[in-house]
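Spelled out, the chains give:
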Amino acid sequence: MPELPEVETTRRGIEPFLLDQSILAIEVRQPRLRWPVDLPPNLAGSKVINVSRRGKYILITTHVGTLLIHLGMSGSLRVVSPQTPPKLHDHIDIKLTGDHWLRFNDPRRFGSFHFQKGDAHEHWLLKDLGVEPLENEFSGDYLFSSSRRRKVAVKNHIMDGKIVVGVGNIYAAESLFMAKIRPATAAQRVSRLAYENLAQAIRMILARAIKVGGTTLRDFVGSDGQPGYFSQSLNVYGREGQPCRECSSTLKGQILGQRSTVYCPSCQTFSGWR
DNA sequence: CTAAATACCTGATGGC
DNA sequence: TGCCATCAGGTATTTA
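Values in this document were obtained by computation on a predicted structure and should not be read as measured data. (Residues numbered from 1 in each chain as written. Chains lettered and ligands numbered in written order. Predicted model: local features only at pLDDT ≥ 70, side-chain atom pairs only at ≥ 80, totals over all residues. Heavy atoms only, no water.)

Enquirer: Quick question: what am I supposed to make of the overall build of chain A here?
Expert: Helix and strand content of chain A: five helices and 10 strands. The C-alpha radius of gyration computed for chain A amounts to 20 Å, which stays within 12% of the reference 19 Å derived for 274 residues, consistent with globular compactness. Taking all 274 residues of chain A together, 49% fall into the buried category. Here the contacts in chain A between residues at least 6 apart in sequence split such that 66% fall between residues at least 24 apart. Total accessible area computed for chain A in this model is approximately 13,100 Å², and 50% of it derives from carbon and sulfur atoms. (Helix = DSSP H or I, 4+ residues; strand = E, 2+ residues; numbered from the N terminus. Rg over C-alpha atoms; globule rule 2.2 N^0.38 Å. Buried < 20%, exposed > 50% of the residue type's maximum accessible area, 1.4 Å probe, protein only. Contact = heavy atoms within 4.5 Å. Areas by Shrake-Rupley, 256 points an atom, 1.4 Å probe, with all protein chains shown as cover.)

Written out as structure tokens, the structure reads:
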């Protein structure tokens, strides 16, 4: 599923086919996504001037405004040749000059398309988002100071998009393993030093995943192939009951905030003070 | 303000 | 083999 690294990989993959091209038409075959898709007619005829990302949103900016695309859990964007017949769950086509169509597929329809005139960052979906984990504002200090009143598990804290964007269930579990922190620890009890380690771990893991992200979604124009680049580097996620790669202890599963998590009871010992 | 629960959706998986 | 229940997962929204 698309995590921040895959969204970024998608962005990089589609950018060359969009930049400086004009939108000829948009065909919405299934408007019932997370929110009903309702795009202005004047997008047709507009020219793409920027392709960026905020959190897990892909922003396609034209001279009339910005298209905000979220891939949800199962969404994907592919570049296809014009007139390629749509397959199951191919919900939206953006037909471009340059002989390419951008095609959105999303079986579970948790994804979304929005349009915002003017500054996209003022859109209600973006305006309250937390910091980008790979930008400078994100740090151990930031995690520390933003968690002083928070009793939720530290795992939930770093998964909160109002705090920091892009850290999903997988990366949260992996980062906590790398930082040797027990996922259930109350956020407000995690020390500054531990948050420093955690911020470092999040950065490192996301950056590494982006680096290999190209593997997952290698060529957007060609066929798919989706063997997880990632699965092999997972230390805890999805490995409940299996031996820790570091110490061979049996990895434990737990439910935190309705989300399953896995950790090593012997490596991840940090659980706050007292 | 924080936090926990709920809703959205389909495909994969496990139990019988 | 078929069918039903369960789970997965991001995040806005509702409820406490």
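Enquirer: So what exactly am I meant to see when it comes to the protein's contact with DNA strand B here?
Expert: Taken together, Arg32, His89, Pro107, Arg108, Arg109, Phe110, Arg149, Arg150, Lys151, Val152 and Gln258 make up all the residues around DNA strand B. Among the atoms of DNA strand B lying within 4 Å of the protein, the sugar-phosphate backbone contributes 68%. Taking His89, its side chain carries an N or O atom lying 2.8 Å from a phosphate oxygen of DNA strand B. A distance of 2.7 Å is found between a phosphate oxygen of DNA strand B and a side-chain nitrogen or oxygen belonging to Arg109. When the residues that make up the surface near DNA strand B are grouped by side-chain class, the tally is three nonpolar, two polar and six charged. (Near = heavy atom within 4 Å. Polar contact = N/O pair within 3.5 Å; in protein donor to acceptor, adjacent residues only side chain to side chain. Nonpolar A, V, L, I, M, F, W, Y, C, P; charged D, E, K, R; others polar.)

Enquirer: I keep staring at the state of the cysteines and nothing clicks. Help me out?
Expert: In a disulfide, the sulfur atoms of two cysteines are held together by a covalent bond. Within this structure, the stated rule accounts for zero disulfides. Of all cysteine sulfurs in the structure, the one in Cys264 sits closest to Cys247, which takes part in no disulfide; the separation is 3.6 Å. (Disulfide = S-S within 2.5 Å.)

Enquirer: What is the right way to read the domain arrangement of chain A from this model?
Expert: Where the parts come together, the accessible area they lose is often given as the size of the interface. Domain annotation of chain A identifies domain 1 (4-122) and domain 2 (140-263). Put simply, the middle of domain 1 and the middle of domain 2, counted by C-alpha atoms, are 28 Å apart. (Domains from an automatic or database assignment.)

Enquirer: What's the story with the pattern of salt bridges in this structure? I'm lost.
Expert: Applying the stated criterion across every chain yields a total of 14 salt bridges. With its nearest N and O atoms 2.7 Å apart, the salt bridge here joins Asp93 to Arg103. Of this pair, Asp93 sits in strand β6 (residues 90-96) while Arg103 is found in strand β7 (residues 100-105), placing the two residues 10 residues apart along the sequence. Owing to a relative accessible area of 0%, Asp93 belongs among the buried residues under this scheme. One network of salt bridges, in which partners are shared, links Glu8, Arg11, Arg12, Glu15, Arg53, Arg54 and Glu132. (Salt bridge = Lys/Arg side-chain N within 4 Å of Asp/Glu carboxyl O.)

Enquirer: Whenever I open this one, the protein's contact with DNA strand C confuses me. Can you help?
Expert: Among the 18 residues in the neighbourhood of DNA strand C, the closest are listed as Arg34, His70, Met73, Arg108 and Tyr237. What you see for DNA strand C is that sugar and phosphate hold 63% of its atoms within 4 Å of the protein. The separation between a phosphate oxygen of DNA strand C and a polar side-chain atom of His70 is 2.7 Å.

Enquirer: How should helix α1 (residues 4-18) be read in this particular structure?
Expert: One full turn of an α-helix is made of 3.6 residues, so residues set three or four places apart face in the same direction. Between its terminal C-alpha atoms α1 stretches 20 Å, which fits the 21 Å expected from 15 residues at 1.5 Å a residue. Of all 15 residues making up α1, 11 are buried, and the element is well covered by its neighbours. Every buried residue belonging to α1 is among Leu4, Pro5, Glu6, Val7, Glu8, Thr9, Thr10, Arg11, Gly13, Ile14 and Leu18, and all of these are buried. After α1 finishes, the residue Asp20 shows a positive phi value of roughly 70°. (Expected span 1.5 Å × (residues − 1).)

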